[in-house]
Amino acid sequence: MTVESTAARKPRRSAGTRKSPSTKPELVQLLTPEGKRVKNVEYDKYVADITPEELRGLYRDMVLTRRFDAEATSLQRQGELGLWASLLGQEAAQIGSGRALRDDDYVFPTYREHGVAWCRGVDPTNLLGMFRGVNNGGWDPNSNNFHLYTIVIGSQTLHATGYAMGIAKDGADSAVIAYFGDGASSQGDVAESFTFSAVYNAPVVFFCQNNQWAISEPTEKQTRVPLYQRAQGFGFPGVRVDGNDVLASLAVTKWALERARAGEGPTLVEAYTYRMGAHTTSDDPSKYRADEEREAWEAKDPILRLRRYLEAANHADEGFFAELETESEALGRRVREAVRAMPDPDRFAIFEHAYADGHALVDEERAGFAAYQASFADGEGA
Ligand SMILES: Cc1ncc(C[n+]2csc(CCOP(=O)(O)OP(=O)(O)O)c2C)c(N)n1
Ligand SMILES: [Mg+2]
């Protein structure tokens, strides 16, 4: 092999793999991975009056959300759900931000916000119908001010912006929060939302869970600057918070919501966290990321760090943890039973509702699918 051909085969360093600017991004953290409380002059005041009972409440929320999520993953593996998008690892970002909200605030989620749904009081079993294929949502958005899950990446940030502009015109003092991912940050919809919300001073918090991956794409392929710094170019503040720290996530979101309520406009919160599981149950992350990366993040587990803090501060005893374990098991059982009692999905429903009066192409596709189903020995399909 010639020197020239070796050089030609060597991949050029792409823009996306270049190092970010040398200044280390600032990260708001109130609890270290070891569960030690650290002082923060700017954000301490947002959690200064938190009681031991409320701290135990945050812990309970995270444990029950993780238990529910694990049950849903198992149910998918058992063939009860078609798909599941796990939130494993992102409990603190979701519970912290979710508990910062007031009842009259409005939430626009993606498809992974099971912890936020929990905080809003949406029954976890209602989240599962869509993943089983028996409905297109499963709850009334206006009952809990929690919009339906949105699969079209980034689009809900536009809905949130429009909604926020609307409530501002109505003179309400509530706020809106839009959840989205690091991958979504590359969508045009998100950039448009930033522009509109900034110039109209809309009361919206953009809560980006940077879980380091967009399916198999690492964050370096989305941005050359830390994501929170993007806000500056649009004219509003951006903050990076430790998304595995429930206290910091709570404090920073409270601050951002307060700004929105005070008429100070949008804020970008980048919750720096990690997707510990697969993108969805249809994904195999071993194909594109190393086990060591996950192991490094396991040491920063959001639940473990709050447990360490609770124990060190004598805010929770063995009885509390044991009772919670029993409650978790009961939740798992309830979710399992609810899903098993749901009907099987109607395989032909997908061909309905796209056109009010039908369409020749859809008819053709329906017939093709029916023939495919009939080709199986039992006529029941795969
Ligand atoms: C507009 C659009 N493009 C592509 C997809 C396919 N898709 C589904 S999830 C996903 C990655 C999203 O990554 P991120 O925003 O980081 O959220 P995460 O899944 O990590 O929570 C993509 C590309 C989609 N659903 N919508
Ligand atoms: Mg992501």
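Reading guide: rules and limits
- Residues numbered from 1 in each chain as written.
- Chains lettered and ligands numbered in written order.
- Predicted model: local features only at pLDDT ≥ 70, side-chain atom pairs only at ≥ 80, totals over all residues.
- Heavy atoms only, no water.
- Helix = DSSP H or I, 4+ residues; strand = E, 2+ residues; numbered from the N terminus.
- Rg over C-alpha atoms; globule rule 2.2 N^0.38 Å.
- Areas by Shrake-Rupley, 256 points an atom, 1.4 Å probe, with all protein chains shown as cover.
- Lys, Arg positive; Asp, Glu negative; His and termini not counted.
- Charge placed at Lys NZ, Arg CZ, Asp CG, Glu CD.
- Near = heavy atom within 4 Å.
- Polar contact = N/O pair within 3.5 Å; in protein donor to acceptor, adjacent residues only side chain to side chain.
- Axes fitted to C-alpha atoms, helices over the stretch in contact; angles between N-to-C directions.
- Parallel < 35°, antiparallel > 145°, perpendicular 65-115°, else oblique.
- Left-handed = near helix turned anticlockwise from the far one by under 90°.
- Contact = heavy atoms within 4.5 Å.
- Nonpolar A, V, L, I, M, F, W, Y, C, P; charged D, E, K, R; others polar.
- Buried < 20%, exposed > 50% of the residue type's maximum accessible area, 1.4 Å probe, protein only.
- Salt bridge = Lys/Arg side-chain N within 4 Å of Asp/Glu carboxyl O.
- Pairing = 2+ DSSP bridges.
- Phe/Tyr/Trp six-rings, centres within 6.5 Å; stacked < 30°, edge-to-face > 60°.
- Core = buried A, V, L, I, M, F, W, Y, C linked by side-chain atoms within 4.5 Å.
- Right-handed = clockwise from strand over helix to strand, strands pointing away.

A. Region of the structure containing the overall build of the chain. A tally of regular secondary structure across the chain gives 14 helices and seven strands. Scaling as 2.2 N^0.38, a compact globule of 382 residues should have a C-alpha radius of gyration of about 21 Å, and the chain matches this with 22 Å. Considered along the principal axes of its C-alpha atoms, the chain spans approximately 70 × 65 × 50 Å. Of the accessible surface of the chain, which amounts to about 18900 Å², a share of 51% is contributed by carbon and sulfur atoms. Taking the average place of the 43 positive charges on the side chains of the chain and the average place of its 56 negative ones, the gap between the two points comes to 7 Å.

B. Spatial organisation of the site of ligand 1. Contacts to ligand 1 come from 15 residues, most closely from Y111, R112, G183, A184 and W213. Contacts to ligand 1 include D182, whose side-chain N or O atom sits 3.0 Å from an oxygen atom. G183 has a polar backbone atom sitting 2.8 Å from an oxygen atom of ligand 1. Calculation on ligand 1 without its partners gives an accessible area of 580 Å², and the protein chains cover 71% of this total.

C. Structural view of the packing of helix α3 (residues 91-100) against helix α10 (residues 246-261). Running from N to C, α3 and α10 cross one another at 40°; their axes reach a closest spacing of 7 Å. Considered as vectors, α3 and α10 are oriented oblique to each other. When you trace α3 past α10, the crossing you get is right-handed. Taking contact as the criterion, the partners of A92, A93, I95, G96, S97, R99 and A100 in α3 are, on α10, V246, S249, L250, T253, K254 and L257. Its residues placed into classes, the contact of α3 with α10 shows seven nonpolar, four polar and two charged.

D. Highlighting the environment of A312. Position of A312 among the secondary structure elements: in helix α12 (residues 302-312). Remark: the alpha-carbon pair of A312 and G35, spanning 277 residues in sequence, is separated by 8.2 Å.

E. Expanded view of the side chain of R112. Position of R112 relative to the elements: it lies in the loop between β1 (106-108) and α4 (114-120). Buried and unpaired, R112 has no salt bridge, with E113 as the nearest side chain of opposite charge at 6.2 Å. Only 2.8 Å separates the side chain of R112 from the backbone oxygen of S86, close enough to count as a polar contact. In terms of polar contacts, R112 uses its side chain to reach the backbone carbonyl oxygen of H279, at 2.9 Å.

F. Spatial organisation of the sheet that holds strand β7 (residues 267-272). The parallel open sheet is built from five strands, whose spatial order is β1-β2-β3-β7-β6. The open sheet has two free edges, formed respectively by β1 and β6 (238-242), since each of these has just one partner strand. Looking at each pair of strands side by side, their axes are set apart by 20° on average, direction ignored. Across the sheet, helix α8 (residues 188-199) lies against β2 (176-181), β3 (204-210) and β7, angled at about 150° from β3, the strand it touches most.

G. Geometry of the pairing of β6. Here β6 lies mainly inside the structure; four of its five residues are buried. Across five bridges, the pairing between β6 and β7 is parallel. Of the residues in β7, the one forming a bridge with R240 is E270.

H. Quick peek at the side chain of E113. Structurally, the position occupied by E113 is in the loop between β1 and α4. Polar contacts involving the side chain of E113 include one to the main-chain amide nitrogen of T110, which spans 2.6 Å. Non-local contacts of E113, meaning those with residues more than four positions away in its chain, are made with Q94, F146, Y149, Y179 and Q209.

I. Quick peek at the packing of aromatic side chains. Throughout the structure, instances matching the rule amount to 30 aromatic pairs. Where Y59 meets F320, the ring centres are 6.1 Å apart and the plane angle is 50°; that geometry is what we call tilted. Of this pair, Y59 sits in helix α2 (residues 52-77) while F320 sits in helix α13 (residues 318-340), and the two are 261 residues apart along the sequence. Exposure remark for Y59: the relative accessible area of 4% places this residue in the buried category.

J. Main features of the pattern of salt bridges. What the rule picks out here adds up to 23 salt bridges. Across the pair R275 and D283 runs a salt bridge, and its minimum N-O distance is 3.7 Å. You can call R275 buried: its relative accessible area is 1%. The salt bridge partner of R294 is E298, with a shortest N-O separation of 2.7 Å. A residue pair is termed a helical-turn pair when its members lie 3 or 4 positions apart in one helix, as R294 and E298 do in helix α11 (residues 291-298) at four residues.

K. Spatial organisation of the nonpolar core. Within the largest apolar cluster, 65 residues are counted, with the highest numbers of intra-cluster contacts made by Y43, Y59, L81, L128, F146, V252 and L306. If near-sequence neighbours (up to four positions away) are discounted, Y43 is found in contact with V28, V239, A251, V252 and W255. Among the nonpolar cores identified, the runner-up in size contains 20 residues, and I167, V190, V204 and A231 belong to it.

L. Fine view of the pairing of β3. Among the seven residues that make up β3, seven are buried, leaving the element largely enclosed by the rest of the structure. The alternating pattern of β3 places V204, F206, C208 and N210 and V205, F207 and Q209 on opposite faces, both of which are buried. Note that β2 and β3 share six bridges and pair parallel. Opposite V176, over in β3, you have V204 as the bridge partner. For the segment spanning β2, α8 and β3, crossover handedness is right-handed. The pairing of β3 with β7 spans six bridges and is parallel. Residue pairing for β7: V205 is matched across the bridge by T267.

In short, geometric facts, not functional conclusions.
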